[in-house]
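Breakdown of the fold
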Amino acid sequence: MSDALPIEVTSPTPLLELRGISKEFPGVKALDDVSFAVFPGEVHMLLGENGAGKSSLMKVLCGAYSADAGEFYYKGQKVAIGSAADAQKLGIAVIFQEFSLVPHLDIAQNIFLGREPKGRIPGTIDRRKILADAKRVLGTIGFDIDPSTIVDKLGVAQQQMVEIAKAISQNARILVMDEPTAALSDRETELLFALIARLKADGVSIVYISHRMAEVFALGDRITVLRDGRRIDGVRPADVTPDQLVRMMVGRTVDMTYPRNFADKPGELLLEVKGLSSSTGISDINIEVRRGEIVGLCGLVGSGRSEVARAIFGADPVSAGEIIFDGKTISGEPDLAARRGIALIPESRKSEGLALLRSVSDNLVVSALRKLFPSGLFDQRSAQRTSDGLIRQLRIATPSARQTVGLLSGGNQQKVVIGKWLAAGSKLFIFDEPTRGIDIGAKSEIFALIDRLVAEGAAALMISSEQVEICHVCDRAYVMREGRIAGHLTRNELTEENIVRLGMHHA
Amino acid sequence: MTDISKEAIVPPRSFLSQDAIQVFYRLLAALLICAVLAVLSDSFLSLGNILNVLRQASLTFFIASGLTLVVLTAGLDLSVGANVALSACIAGTVIHKTGSPALGILTGLACGGIVGLLNGVMVTALRIPSFIATYGMLWVLNGLTYWYMAGETLHGFPAGFRQIGSGYLFGLPIPVYLLLVFLGIGTLFAQRTIWGQEIYAIGANPVAARLSGIPVARRLLLVYAVSGTMAGLASIIFLSRLNSAEADIGESLTLPAIAAVLIGGTSLFGGVGTVFGTFIGALILTLVLNGMNLLSVSANWQPLVTGIIVILAVWLDMKTRRRAQ
């Protein structure tokens, strides 16, 4: 707590200071004693891997989460941020990656949504005033556009400008921006940087979350690095190199009681993806997976990992390229991929992996119905016998196969999702964040299970944001960046630093 | 942090499944209504009245059983009544023109099935929400039927054909046999085939069902086609029982069928319910209307009572299920 003020202080009192902020969710400490100060007119870069606590900190700042512990000081005065209204009163505005604009209203209506100037007839809006006011606000950020334009017709960059104009019209003094350049072109990025310089000159402070090294050094006055919900360090760009920052971001530790037995020689080629592109934003993906291998697929959240998994499984339409599985080209819906022997264990098991209201048994046999009951006649007792076998084999903690699956813990639910593909006899298992929200014990069990699967001749493609897990269990890994494969790491090259380095934007 | 995996080990509440318990409650409710009516009215327990109740319930059930499958997938088919009307009019015309009841029956079933399939295409290929697709279909079918019939009434069918709706076999009305047959088939299909299992899975979570390798679109096509075909079957029974067909016979059929499904415990959110429950739902609905007739309550009150029963049934259902979760 004592190091609340990083390095030497530029101005005697910070505009906003957070001291010892903690926030816990069931099973995870999202923020752990984080202190953080924003000075007037500075750009404060917030850096960290997926899950380091950036989003949580942002949500605490804007009042969406209330902190479990810690204090807030505004210009040296102790304040409370318990709601979005509190944050707004202090002049804190957040520009999320998903804009909160109403698409079919015009720019002026969006800027003054909920604060429209009243017309003479009760219940009406003073149209002339709202347009004039909007014009003035847009002028202050140098955005020359007709305020009666419908927001739906604007590009991403222009919508972002409207969001900023809206924040400024609410007298925002601290602007929190979450990867604002993620969807912008180079030219648009330049314009945004010019606007940021202008806001800075007006004394507006900017908290800027970024994954691009170039931006961090071009824009930042100060850098705070988070890791595992803790503040690792606060530095000035002039005092560090990109490599040093990467080192600060990685270095997570995880208890892995399960050591993997790496195969000396991978088996035959099982999956070959050639030049795969889809409308979901992935392009020219080339991947090979052999029997007996666990292949990692890493990269930042949003880099297209899940989209690759879904395209291989047939869940998203493929626009170009070829998927060859077990020697044959496949294209079609998930039912075809599943029948051929591909399994997808999706990222959000509750919404995509399970029918929560149905029983453990119903969920375990759902992908294997055709295999278990070739005649088409379903037999509940036989289904339960199969399920009982899987429950024992996977050590699923459930009172019986008839238990509602929604009542199991996260780890046991995940085992049910895996179990349904075991029942189906799948050959390739695509895991999308298989250990998310699962306690450590269950994690090692799941890795042990994956290891056993590949040892028996299956193969696994594993997506994970936990680089340490990838390094621990994978034979090799592909790293994605902005919808493309940015690089491939062999077993020897597979380190957290290499993954982060390939996954970040260095341009 | 507590160990979640241990908390989850709760003993199962009952060895009966949730569905079985819900059906059991409904049987109790139906018996209770019977007991009350038996006390209040002397004629309720007469054989003639009981057979009459069963015969009436069967008509609602035929339509509602197919609809149950649709509702199990979290869909709705509002076109069933209009489908019955069109199928009856076309089947009636075929019988009049060809003199062959068999050809008429086949035409009626085919017409119903094709309409259902079209509903399925709109829901799967065009991704129109089922509520809207079948609502539009309702108007289209009404339009076709009114245009086709042009105010005419088809009347008078061969005696053999009329046996289907009004005949008796060993003292029981033939529709009651059909009711038992289709209750059996429907229950077997839903509970004892892999397609039935897949339909429940789709209703419980369509995204997970697709990602579990279930051919969701094909199963939905099947379900809507079955719903349409059952409407086609109902049209034959109607035609045979009324011995006539008019353009407007379908108008009073859809809402009672939906009521039977809901009273029977099938959730509009999908994944929960049974065909047997729908049978009891149709029975409860018919019993109440029958009782009101016997007690000389004005027919004007019937819609109100139906509405209250639907709301009560669904509310009790939600309450008991929530407790079970």
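What you see is a predicted model; the values in this text were computed from it and never measured.

Considering the overall build of chain B
When its secondary structure is counted, chain B shows 14 helices and four strands. Since a compact globule built from 325 residues should have a radius of gyration of about 20 Å, the 21 Å found for chain B is in line with a globular shape. Structurally, chain B occupies a C-alpha span of about 75 × 55 × 35 Å along its principal axes. In chain B, which comprises 325 residues, the proportion classed as buried is 49%. At a minimum sequence separation of 6, the contacts of chain B that also span at least 24 residues come to 79%.

Let's talk about the overall build of chain A
Scanning chain A from N- to C-terminus turns up 18 helices and 20 strands. Taken over the C-alpha trace, chain A has a radius of gyration of 26 Å; the compact-globule value for 507 residues is 23 Å, and the two agree within 12%. Seen through its C-alpha atoms, chain A measures out along the principal axes to roughly 75 × 55 × 45 Å. Taking the intrachain contacts of chain A between residues at least 6 apart in sequence as the baseline, contacts between residues at least 24 apart amount to 69%.

Focus: the confidence of the model for chain B
Residue and element names in this part refer to chain B. Residue-level pLDDT values for chain B average 89, and 93% of them are 70 or greater. Confidence over residues 1-15 falls short of pLDDT 50; this stretch has 27 contacts with residues more than four positions distant or in other chains. In the model output, the complex is listed with pTM 0.79 alongside ipTM 0.86.

Points about the pairing of strand β7 (residues 174-178) of chain A
All names here are of chain A. Of all the five residues making up β7, four are buried; the element is thus mostly covered by neighbouring parts of the structure. Of the strand pairs in this sheet, strand β6 (residues 92-95) and β7 are connected by four bridges, and their pairing is parallel. Note that in β7 the partner of I95 across the bridge is M177. As paired elements, β7 and strand β8 (residues 205-209) share five bridges and run parallel to each other.

A word on the domain arrangement of chain A
All names here are of chain A. Taken domain by domain, chain A holds domain 1 (16-249) and domain 2 (293-305 + 330-503). Each partner contributes to the interface: domain 1 provides eight residues, whereas domain 2 provides eight residues. Here the side of domain 1 that touches domain 2 is built from residues that sort into two nonpolar, four polar and two charged.

With respect to the interface of chain B and chain A
Counting residues at the interface gives 28 residues for chain B and 39 residues for chain A. Counting only elements with at least two residues in the side of chain B that touches chain A, the list comes to α1 (4-7), α9 (194-204) and α10 (206-211) of chain B. Examining the composition of the side of chain B that touches chain A, we find that six residues originate from one element, α9(B), more than from any other. Across the side of chain B that touches chain A, the residue classes tally to 16 nonpolar, nine polar and three charged.

A closer look at the packing of helix α3 (residues 47-72) of chain B against helix α12 (residues 254-263) of chain B
Residue and element names in this part refer to chain B. Their axes nearest at 8 Å, the elements α3 and α12 cross at an angle of 60 degrees. Taken together, the axis directions place α3 and α12 in an arrangement best described as oblique. Note that α3 runs across α12; the crossing there is right-handed. In this structure, α3 contributes T60, F61, I63, A64, L67, T68 and V71 to the contact, and α12 contributes P256, A257, I258, A260 and V261. Looking at the contact of α3 with α12 residue by residue, the classes come out as 10 nonpolar, two polar and no charged.

Details of the environment of A172(A)
Residue and element names in this part refer to chain A. Within the secondary structure layout, A172 lies in the loop between α5 (156-169) and β7. Here A172 falls in the buried class, since 22 other C-beta atoms lie within 10 Å of it. Not counting residues within four places of it along the chain, the set of residues in contact with A172 comprises G91, I92, A93 and A167.

Overview of the UniProt feature "transmembrane region" (unreviewed entry) in chain B
Those places that UniProt annotates as "transmembrane region" (unreviewed entry) correspond, in this numbering, to residues 23-45, 57-76, 102-121, 128-148, 168-190, 220-240, 252-269 and 301-318 of chain B. From the first C-alpha to the last, residues 57-76 of chain B spans 21 Å; its make-up is 80% helix and 0% strand.

Considering the sheet that holds strand β12 (residues 285-290) of chain A
Residues and elements named next belong to chain A. Read from one edge of the open sheet, four strands run β12-β11-β14-β15, paired in antiparallel fashion. Among the strands making up the open sheet, the edge pair consists of β12 and β15 (328-329). In this structure, strand β14 (residues 318-325) lies alongside β15, joined through two bridges in antiparallel fashion. Each bridged residue has a counterpart across the sheet, and for F325 the counterpart in β15 is K328. Against the sheet, helix α9 (residues 305-313) engages β11 (269-278), β12 and β14, with an angle of about 110 degrees to β11.

Quick word on α12(B)
Within an α-helix, residues lying three or four positions from one another point in the same direction, as the helix has 3.6 residues per turn. Residue and element names in this part refer to chain B. Of all the 10 residues making up α12, nine are buried; the element is thus mostly covered by neighbouring parts of the structure. Considered for burial, the residues of α12 that qualify are T254, P256, A257, I258, A259, A260, V261, L262 and I263. Note on α12: the residue one or two positions beyond its end, G265, has a positive phi of about 95 degrees.

Observations regarding the sheet that holds β8(A)
Residue and element names in this part refer to chain A. In spatial order, the strands read β6-β7-β8-β3-β9-β10; together these six strands make up an open sheet with mixed pairing. Of all strands in the sheet, those with a lone pairing partner are β6 and β10 (230-235), marking the two edges. Within the sheet, the average angular offset between the axes of one strand and its neighbour, ignoring direction, is 20 degrees. Against the sheet, helix α1 (residues 54-61) makes contact with β3 (43-47), β6, β7, β8 and β9 (222-227), and its axis sits at roughly 150 degrees relative to β7, the strand it touches most. Against the sheet, helix α6 (residues 186-201) touches β3, β7 and β8, its axis set at about 145 degrees to β8.

A look at the packing of helix α4 (residues 80-98) of chain B against helix α5 (residues 101-124) of chain B
All names here are of chain B. One way to put it is that α4 packs onto α5 with a least axis distance of 8 Å and a crossing angle of 155 degrees. By the angle between their axes, α4 is roughly antiparallel relative to α5. For the element pair α4 and α5, the recorded crossing hand is right-handed. Residues N83, L86, S87, A88, I90, A91, V94, I95 and T98 of α4 lie in contact with α5, whose contacting residues are P101, L103, G104, I105, T107, G108, C111, G112 and V115. Residues belonging to the contact of α4 with α5 are distributed by class as follows: 11 nonpolar, seven polar and no charged.

Remarks on the nonpolar core
Of all hydrophobic cores here, the largest spans 240 residues; its most connected members are L428(A), I430(A), A460(A) and I63(B). Of the domains in this structure, domain 1 (16-249) and domain 2 (293-305 + 330-503) of chain A are the two that each give at least three residues to this core. Among all residues touching A460(A), those that are not within four sequence positions of it are I294(A), F429(A), F431(A), I450(A), L453(A) and V454(A).

Conventions adopted
Residues numbered from 1 in each chain as written. Chains lettered and ligands numbered in written order. Predicted model: local features only at pLDDT ≥ 70, side-chain atom pairs only at ≥ 80, totals over all residues. Helix = DSSP H or I, 4+ residues; strand = E, 2+ residues; numbered from the N terminus. Rg over C-alpha atoms; globule rule 2.2 N^0.38 Å. Buried ≥ 20, exposed ≤ 12 C-beta atoms within 10 Å, placed from the backbone. Contact = placed C-beta atoms within 7 Å. pLDDT = per-residue confidence, 0-100. Pairing = 2+ DSSP bridges. Domains from an automatic or database assignment. Nonpolar A, V, L, I, M, F, W, Y, C, P; charged D, E, K, R; others polar. Axes fitted to C-alpha atoms, helices over the stretch in contact; angles between N-to-C directions. Parallel < 35°, antiparallel > 145°, perpendicular 65-115°, else oblique. Left-handed = near helix turned anticlockwise from the far one by under 90°. UniProt positions renumbered as here; feature names shortened; annotations may be inferred. Core = buried A, V, L, I, M, F, W, Y, C linked by C-beta atoms within 7 Å.

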